[in-house]
Structures are given as C-alpha cells and as structure tokens.
Amino acid sequence: MAFYHCSIKTPKSGKGKIIPGKKHADYINREGDYKNFDNKQKIAASHAEYINRQNDFSKENFIKRHGRCVYKANKLPKWANGSASNFFEASDLYGRANGLSYREFELALQEELTLEQNIEIVNTILNNYEYFQDKYYTVAVHDKQAALDDGKQQIHCHIMVSDKIIDEIEKSNERPPEQFFKTYCRVNTNKGGAKVDRYFSKDSFGKNLTHFRKYYCDVTNAIFRKYGIDKTIDYKSLKMQREEALRNGDYVKAEILNRPAEKYIGTVASYDKNNPKVRNLLQCRRLNSIHEQLLLAAEEVEKQIKDYTFINQINESILDADKVINEKINIDPFNFVQFSSIKNDILFLIEQVHIKSKDVLTYDMAKELAKYELMTKDEKALTNKLFNFSQKSMELQNKIASTDNIAAKQELNIELEKANKAISNLKVQLRPANKKFTQPYWKAQVTKKVNHLLKENAPAKEQLELLQTQLNNKTVQLRKFIVANVKNLPEAYSAKDVKVIIDNLIDNVKNNITIKQQEYKSLSARVISPQRAREMAYNVATNHKYKELKEAKRLVAKEKINLEQEAKPLINQLEYVQKFDDSYSLNQVKQQLQPYITKYHELNVKEQDVFTKFNELEVFINAPEQQEKINSIIEGILTKNSPIKYQCDSLRGQISSLKIELKELKNLSVGVNNQVRLDKNTNFKYSIKLQTGTTSVANISGGSISSSDTIKLLAQAFNGVEGAIPLVAKIDEQTDEVLDYKHLNIVDKRAKRSNAILKEFS
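Counting from 1, residues in each chain are numbered in the order their sequence is written. With the structure being a predicted model, the display of local features is reserved for residues of pLDDT at least 70 and the display and counting of side-chain atom pairs for 80 or more, all residues being used for whole-chain, interface and lining totals. Excluding hydrogens and water, the side-chain figures rest on all heavy atoms present in the structure.

J.: Could you give an account of the overall build of the protein, with specific residues and numbers?
T.: Each helix and strand counted, the protein has 25 helices and eight strands in total. Long-range pairs, those at least 24 residues apart, make up 72% of the contacts in the protein with a sequence separation of at least 6. Summed over all atoms, the accessible surface of the protein reaches about 46,500 Å², with 52% contributed by carbon and sulfur. Strands here mean DSSP runs of E at least two residues long; helices mean DSSP runs of H or I at least four residues long; both are numbered from the N terminus. Contacts are assigned to residue pairs that have any heavy atoms within 4.5 Å of one another. Working definition of accessibility: Shrake-Rupley area with a 1.4 Å probe, residue cover restricted to the visible protein chains.

This is how it looks when you write it as structure tokens:
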C-alpha cells in the first residue's frame, strides 16, 4: 500500500546529545565505521552508541531493521572530493559550536514503484524544490523489510543538507572549508562564512514543513499517475481527509477514513510479533481492511441499483409518451396545429432519448469496458472471439426456433453445438485473465478506470436526464390538452387567433427542420467521399498496410511531441545552469537529459523507417496494374454507398424547402402582428368569402379550403398581398356587421392613430 512519512531532523539525539555530521553521513551512506553493514559484519560500537540501541544487536538484525543502502548521490564542493563524510566532518570542525552541522530529511518511498521510479521522486524534489537549489547535500536510499509484514519492503530516503547557502561568491570561487562554515559577516561578506538559510528556523518551521510535505505528496502522486498506478498519499490527518471527502460528497471514502490513526509503537517493539501492541495493531489493520472491502462492495451494489432504477424511469417515460400520442382522439382543425406541434415535440424527444441512451454507460458496462481496456492484446483477441461466437449462438438458436424443416434444424443444431464448444474452450482460456482481475492491484486499476469512464460519461447522463424531464413535461402538457374540451371551429378568426396559429406553424416547421437536420447529420456520417473511398481502396489493395503505416506515422509524430514536452523542463534547466560555472550541476542535468536525447534519436530512426516503407508502398500503389484495381474498388465502394448519398441529398432538399417555408411564415407574422396591434380593444374577426366580391361569410368547416390555407390567406391579407385582400371579410362581432377588409398601409395607420388622439381631446 502507498505509505506516507516525511520528517525533518536535526543533529540532536533523543537524549539531547549532538550527533556529529560526519558520523551521520557515514551512517546513511554506509561508509566509514558503517561501510561493512551491507556485508553482514559486526556493528561498530561507536554507531551502536550513536543510534542508542542495545549493545548485543547482531549484524543481521541491524540490516533487517535499518536496511541496505541501494542508491546514493551528492552535491558537494570540490574540496570534499565527492565524500559526504569529509564535508560534514568539516561542518563539525569549523561550524559554530552550538550551531546545526546538518539538517536531515527522511522521506518514505513507495513499494509499488521500482527503484528507478523512486529515485525519480527524490531527484524531482532535489531539482525543483527551492530550498535545495542553493545547498550542498548528500542523499541515500535505504531498503529494508517491513517490521509488521514480512512480505513487504520499506524503502525510504535520507537527505542530509547543510543550511549554509551557496551564494554568488561560493559559485564564482569556492571558499575553503574553514571559511565556508565560518559565521556569516554582514559587513564584510568576503571575510565571513556563507549565510545560513532560515527557511526552517523556529519561527517559520511549522508553515514551511507543511508546504514541503504537501510538495512531497504532490510529486509522489504525480509519479504514481505517470506510471498508471492507482495509489495516492496525503499529508493531511485522517480527520482532515474525511472532512474533505464529505465536502466532495464521497461518503464511502469518508466512512473508510472514519477510524483512529495508528499509534507509533517503536522500531524495536515492531519486530516482536508476540508484543500485545503489535498483535492489536495487526488485528486493527485486518478489521479495517475487511470494513473497507465491505463498504466498497456495498457502494458497487448501490451503483447497480441506481442504474437499474434510472433505466426503468427512462423506459417508463417513453411508454407513457407513446401511450398519450397514440390515443384515438378527434381534434378540431382550429386546435390541430397546436396538437401536432406538441406531438412532434414528443416524437423528437423520444428519438433523442433513444439516441442518447446508447451513449450512456451504466456501472456494469463501464466495469466490463475497463477490464477490456486493461487486457493484453491476446486477451482482447480471445474476448472478441468469445463475443462473436456468443452472437452466433444466439442467432442459431433463433433460426432453430423459427425453422420447421427437420433437415435444416439438424444442420443448425450441429453448427450450434460447434459454437457452444468453441465458447466453452474460450472461457477456459480466459480464466487466467478473469482471475487476474480478482487481485487487489488489478481491482484498483479497474476501479480507477471505471471512475474515469463514468466521469467522462457524466455529461451524457446529465443530458439524458434533461431529455427525460423535457419528455415528461411535454407528455403532461399533451395530456392536459386532450383532457380539455376543445371548442368547435369558429367561423371567423380574430387577428390574435391568426397570430397564435401562425406562431404554432412556425414552431412546427422549426421542429421538423431540427428532426430532419438530426437525420441528415446521422446519415451524412455514413456518406463516403471520393477521397475516403480512395484511402479505403488503398488499404484493401495493400492488405491493410497503408492504414498501419499511416497510423504508425501519426503515433511517431505524437511520441516526439510528448517527448519534447517531457524534456522541456530539463532543457530550460540546462539553459539556466549553463549561465553559471557549475560543471557538476551541468553534468547532472546532461545525464538526466541523455535518455530523452537517446529516445529522440530512436524515434527519428523509427520515423525515417516508416517514411521509407510509406514511399515504397506509394510506388507499389501507383503501378498501372494496381491503379486499375484501386479504381475498380473505389467504383464499387461509391456504388454501394450511393443509396445513402441519395437519401442524404433528398433530406438536404427537404430541409431547404422547410427553411423557405419557415422564412415565408416569419414574413407573414410581421403583418399579423401589426394587425393585432391595430385591432387592440376591438371585436373584429376575419373570414374568407364564399365568392370574390360578395360580403357573405364562408362556412369554413364545410368549404374546400383547409384551415391551414385559410390562416395563410388571412395572414397574406394582413401583409397587404393584393390577391388576398378581396377574399377576406371583416366582421364586427358587436353589431354582426360584415364588411370588406381594407389593408392599412403605414401612412393610413399613422393617420388613424392621429384621428383617434384628436377625437379624444375634442
């Protein structure tokens, strides 16, 4: 499991004694009196006293408890000759009597990572954390067996640092040790020693320690993510982590964190398995692990139930909407436009719900997809075969059920038996893969992938929920419309009635355009262009090598871009270091940059190889006999695709016609709106005459003119269309007087308003 530990120590021991810097440098680097610790020799008496342990410790116990040194590195002045022991011995000798000769950082590294990946954590901190940039230090990585678990290792890092700052004087001309560790002189900096960094002084220690711990956690978690490991560490207390989980709504994580922190029982006691404290600690860990597994299992079941409920709600919404729109009802022509508009809205929403449902992942689907993505190439191939044979088995069962011919049934049964046998064999071959996903590491990888997939899919699910809400609202609206008593069609329409119907017609056409555009978008994706057909033909003619090389070319280019991005910080650092005469730092950065340079050269070679193969393939393709074959394939592809293209062109024509109709209706609505304003506070209605020139009102319900045509004709009259004006009769409902309709132009409207104002004041 990922482990967090970060502490900063000073030379003072637990009993208040000062531990010499040289001695501690030798200890962490396994040098001097401690150089033979990794070779199973006796422990030096001086170091036994230093670590304050019992005198009868054997060498094997020491190695087991304190670990071997598996990596060490230094950043030291030239006079130290690469020896941390020499450097810190000088610190003890020339430093201030009551000063700190060193500061030690002790960091837990991670068992889930390789040694190289753990060293990457250490180097990232040393190369980027501001405190270390102007300091001399030594670093050592130790690896030891965990005290409470024989099957685990505890890899950790010691960084010994001098608080003395490498200033501009030190960079240009290194001071000798007796001057470097001398007390800093503010008045004459050349005669005094290097200045001491107060970053971790008593006043700012707490704040800066928290900042460093957070940085250490961020770097470690970034390395975990880089190498695809589903682990994290956190510098915050369990209580703080739980509160954060509650704020984020992650109640399962909050419940897992709802436990007391483990109490430290000491290194010596940890190796005594009979110690009651050790037994209690191990028992608590076991119970916490069981509790966590139960919570995670309960969360999985809860997600499955939520998915099941959500799917049922979607299906119920669709069934309810279908039931309402398929009811046998008689709608009067006056209300039919509104009814059709709501019905079309519902049909459109049902279609959108069906489309969006295909994009939404359930928890079970995400889990299967996550497992598939984590499989090896061979495991994926077996899984694909299993799926194909399962599909074939279902098809054969359906054919057998629908076939009456005995001979045909026998043949189908033989095929079904072969398919089922193949399914059984494939399931046996996939057992190791299925068993793999029961292991804790792979479970964690699946969970991480599932959470990522569901997070990516959340917008699609939200859109589906929104569509379901809209569908429910429209269904309720249509049901209310049907339940209400629809009045018989009036013989005449007010300008306001015409406006409502025209607006409904506009909405209806808009909805039809949207539906057609959705159909067009879906269909156009299936139309194959001549260029695409040519690429498909190239791929067929070259036995898929064309596609493979094209993809290889794209991947190499992508790898080069990614590599450049990864190496960019080191390149920037190299440019910075080159400004100073610091050969050690320059060499160190160059060493770190070398793997990227090597990889980049390898990618260039790979890219050149791909281009060479691509050019050879193009020569093959451009050969006359191949061109003839390719043209034949292209013709076949385009011929097969022509019905879809025809449908697509037809839909484009329908959309164009609907847009023209929409434009006409919008133009008509302008005059209708003007007529509504003119007729405000009046009782005028309008109808169509039976014959041109007469003043009798047409019986619309019995006439040959449809209600839609009537409304459009009235709207044309309101817009001043000369051919429509004589056909319209104006009715004053107060007096039942029937008059000819006269369209008022802008001048007439202004005159009418002026007369009304004068009449009011007369």
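J.: How would you explain the nonpolar core if you had to name every residue and give the values?
T.: Counting 32 residues, the largest nonpolar core has Phe105, Ile125, Phe132, Ile159 and Phe212 as its most contacted members. At seven residues, the largest contribution of residues to this core is made by helix α8 (residues 205-226). If we skip the residues at most four places from it in the chain, Phe105 touches Ser7, Ile8, Tyr131, Phe132, Cys157, His158, Ile159, Val161, Phe200 and Phe212. Counting 26 residues, the second largest nonpolar core, distinct from the first, contains Ala495, Leu658, Leu668 and Ala717. The definition of a nonpolar core used throughout is a set of buried Ala, Val, Leu, Ile, Met, Phe, Trp, Tyr and Cys residues joined through side-chain atoms within 4.5 Å. Type-normalised accessible area, obtained with a 1.4 Å probe on protein chains alone, sets the label of each residue: buried when under 20%, exposed when over 50%, and partly exposed for intermediate values.

J.: How would you sum up the packing of helix α15 (residues 377-402) against helix α16 (residues 406-429)? Please name residues and give values.
T.: Remark: α15 packs on α16, axes separated minimally by 9 Å, with the N-to-C direction vectors making an angle of 155°. Put simply, α15 runs roughly antiparallel to α16. Crossing geometry of α15 relative to α16 is assigned as left-handed. Contact residues: Leu382, Lys385, Leu386, Phe389, Ser390, Lys392, Ser393, Leu396, Gln397, Lys399 and Ile400 in α15; Lys409, Leu412, Asn413, Glu415, Leu416, Ala419, Asn420, Ala422, Ile423, Leu426, Lys427 and Gln429 in α16. Fitting a line to C-alpha atoms yields each axis, with helices limited to the stretch in contact; the angle taken between N-to-C directions then spans 0 to 180 degrees. Should an angle fall under 35 degrees it is called roughly parallel, over 145 degrees roughly antiparallel, and 65 to 115 degrees roughly perpendicular, with every other angle called oblique. Put simply, a crossing is left-handed when the front helix is turned counterclockwise from the back one by less than a right angle, and right-handed when it is turned clockwise.

J.: Just give me the short version of the packing of helix α20 (residues 530-541) against helix α23 (residues 624-678), but keep the residues and values in it.
T.: The contact between α20 and α23 brings their axes to 9 Å, and the two run at 125°. With respect to their mutual orientation, α20 and α23 come out oblique. Both α20 and α23 take part in a crossing whose hand is right-handed. On α23, the residues that touch Pro530, Ala533, Arg534, Met536, Ala537, Tyr538, Val540 and Ala541 of α20 are Gln626, Gln627, Lys629, Ile630, Asn631, Ile633, Ile634, Ile637 and Leu638.

J.: Describe a positive patch on the surface, with residues and values.
T.: Think of a patch as exposed residues, more than 30% relative accessible area, with no salt bridge, where like charges cluster within 9 Å and nonpolar side chains (Val, Leu, Ile, Met, Phe, Trp, Tyr) cluster within 5 Å. Whenever a carboxyl oxygen of Asp or Glu lies within 4 Å of a side-chain nitrogen of Lys or Arg, that contact is scored as a salt bridge. Charge counting follows a simple rule: Lys and Arg are positive, Asp and Glu are negative, and His as well as the terminal groups are ignored. Just so you know, the charge point we use is NZ for Lys, CZ for Arg, CG for Asp and CD for Glu. Among the surface-exposed residues, Arg96, Arg186, Lys195 and Arg198 lie close enough to one another that they form a single positively charged patch. Tracing the sequence through the fold places Arg186 in the loop between α7 (177-180) and α8.

J.: Help me get a handle on helix α14 (residues 363-374), residues and values and all.
T.: Look at α14: 16 Å from first C-alpha to last across 12 residues, which is about the 16 Å you get at 1.5 Å a residue. Taken residue by residue, α14 has Tyr363, Ala366 and Ala370 as its buried positions. When α14 is viewed along its axis, its buried side chains cluster within an angular range of 60° and face the same direction. Multiply 1.5 Å by the residue count of a helix minus one, and that product is the helix's expected span. The directions from the helix axis to the C-beta atoms form the arc being described.

J.: How would you summarise the side chain of Gln468 if you had to cite specific residues and measurements?
T.: Mapped onto the secondary structure, Gln468 falls in helix α18 (residues 440-483). At 3.2 Å, the side chain of Gln468 forms a polar contact with the side chain of Ser317. Filtering out sequence-adjacent residues up to four positions away, Gln468 remains in contact with Phe310, Gln313, Ile314, Ser317 and Val353. Throughout this description, a polar contact denotes any pair of N or O atoms lying within 3.5 Å of each other; where both atoms belong to protein, one of them has to be capable of donating a hydrogen while the other can accept it, and for residues adjacent in sequence the pair is counted only when both atoms sit in side chains.

J.: Explain the sheet that holds strand β8 (residues 737-740) to me, and be specific about the residues and the numbers.
T.: Across the sheet, which stays open at both edges, the three strands sit in the order β6-β7-β8 with antiparallel pairing between neighbours. Two strands lie at the open edges of the sheet, namely β6 (684-688) and β8, each paired on one side alone. Pairs of neighbouring strands in the sheet enclose a mean axial angle of 35°, with direction left out of account. With respect to the sheet, helix α24 (residues 707-718) is in contact with β6 and β7 (728-732), its orientation differing from that of β6 by roughly 120°. Strand pairing follows a simple DSSP-based rule, namely that at least 2 bridges must link the two strands.

J.: Talk me through unusual backbone geometry; I want residue IDs and the actual numbers.
T.: Residues other than glycine seldom take positive phi values, yet Asn81 does so here, at roughly 55°. Within the secondary structure, Asn81 sits in the loop between β2 (68-75) and α4 (84-94). One non-glycine residue, Asn543, lies in the positive phi region at around 55°.

J.: Explain the confidence of the model for the protein residue by residue, including any values.
T.: Confidence scores labelled pLDDT are given residue by residue by the predictor and lie between 0 and 100. Of the residues in the protein, 75% have a pLDDT of 70 or more, and the chain-wide mean is 77. At the level of individual helices and strands, the protein shows its lowest average pLDDT in helix α2 (residues 45-50), which scores 31, and its highest in helix α5 (residues 115-128), which scores 91. This stretch, residues 485-490, has a pLDDT under 50; its non-local contacts, to residues over four places away or in other chains, come to 11 contacts. Taken together, the stretch residues 691-704 has pLDDT below 50 and engages in 28 contacts with residues farther than four places along the chain or on a different chain.

J.: Before we move on, could you go through α24 and cite the residues and values that matter?
T.: Here α24 contains 12 residues, and its C-alpha end-to-end distance of 17 Å stays within 8% of the 16 Å for a straight helix at 1.5 Å per residue. By the burial criterion, the buried members of α24 are Thr710, Ile711, Leu713, Leu714, Ala715, Ala717 and Phe718. Elements in contact with the buried residues of α24: α19 (495-524), α23, β6 and β7. At the C-terminal side of α24, Gly720 shows a positive phi close to 85°.

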